[in-house]
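# Overview (structure and organization)
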Amino acid sequence: MTFPPPKTESPAQRFEEATVAARDALERLIAAANEAGWGTEEITAALLKAAQFLSDANKREPDPADDPSISDAPAREQIGHGELYD
C-alpha cells in the first residue's frame, strides 16, 4: 500500500490531506478485511484500538529507531542445552 506525500507545509492543510489519505487507505483495508471474513464493525473497532495503541506508544517513545538494536544488547548466558525448562 502506498501513501501519498504531503502537498503543503500548512499544518491545517496537511491534517486535511492526511485525513483524506488515511480514510482512503482505511476503506481499502476494511474492504480487504471484509473479503477475508471480518465484519465492518469489528474491524473498525479493532483499527481504532490499534490506532490508539500506536498513538500512545508514539507519545511514550517518539523515535524508537534511535534505540540500540536488540543485537547490541549484551548476550545472556544460556543454561543447559536449550531445553524448554532449564
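Refer to the preceding data block for the structure.
What comes next concerns the included structure.

Scoring rules and cut-offs
- Residues numbered from 1 in each chain as written.
- Predicted model: local features only at pLDDT ≥ 70, side-chain atom pairs only at ≥ 80, totals over all residues.
- Heavy atoms only, no water.
- Helix = DSSP H or I, 4+ residues; strand = E, 2+ residues; numbered from the N terminus.
- Buried < 20%, exposed > 50% of the residue type's maximum accessible area, 1.4 Å probe, protein only.
- Areas by Shrake-Rupley, 256 points an atom, 1.4 Å probe, with all protein chains shown as cover.
- Axes fitted to C-alpha atoms, helices over the stretch in contact; angles between N-to-C directions.
- Parallel < 35°, antiparallel > 145°, perpendicular 65-115°, else oblique.
- Left-handed = near helix turned anticlockwise from the far one by under 90°.
- Contact = heavy atoms within 4.5 Å.
- Nonpolar A, V, L, I, M, F, W, Y, C, P; charged D, E, K, R; others polar.
- Polar contact = N/O pair within 3.5 Å; in protein donor to acceptor, adjacent residues only side chain to side chain.
- Patch = residues over 30% accessible without salt bridge, like charges linked within 9 Å, V, L, I, M, F, W, Y side chains within 5 Å.
- Salt bridge = Lys/Arg side-chain N within 4 Å of Asp/Glu carboxyl O.
- Expected span 1.5 Å × (residues − 1).

## A look at the overall build of the protein chain
Across its full length, the protein chain carries two helices and zero strands. Here the protein chain holds 86 residues, and 7% of them are scored as buried. Taken as a whole, the protein chain presents about 7800 Å² of accessible surface, with 60% of it coming from carbon and sulfur.

## With respect to the packing of helix H1 (residues 11-35) against helix H2 (residues 40-60)
One way to put it is that H1 packs onto H2 with a least axis distance of 10 Å and a crossing angle of 130°. Classed by the angle they form, the pair H1 and H2 counts as oblique. Here H1 and H2 pass one another in a crossing that is right-handed. Between H1 and H2, the contacting residues are Leu26, Leu29, Ile30, Ala33 and Asn34 on the first element and Thr40, Ile43, Thr44 and Leu47 on the second. Each residue belonging to the contact of H1 with H2 can be placed in one class, and the counts come to six nonpolar, three polar and no charged.

## A few points about the side chain of Thr8
When you line up the elements, Thr8 lands in the segment before H1. For Thr8, the side chain forms a polar contact with the main-chain nitrogen of Ser10, separated by 3.2 Å. If sequence neighbours within four positions are ignored, Thr8 has contacts with Gln13, Arg14 and Glu17.

## Considering a nonpolar patch on the surface
A surface patch of nonpolar side chains, amounting to about 310 Å² of accessible area, comprises Met1, Leu26 and Leu29. Along the chain, Leu29 falls in helix H1.

## Observations concerning H1
When the terminal C-alpha atoms of H1 are compared, their 36 Å separation across 25 residues agrees well with the 36 Å that a helix rising 1.5 Å per residue should span. Looking only at H1, the buried set comprises Ala21, Ala25, Ile30 and Ala33. The inward-facing, buried residues of H1 contact H2. Just downstream of H1, Gly37 is the residue with a positive phi angle, here 110°.

## Remarks on the environment of Thr44
Mapping Thr44 onto the fold places it in helix H2. Within the local environment of Thr44, its side chain forms a polar contact with the backbone oxygen of Glu41, the two atoms lying 3.0 Å apart.

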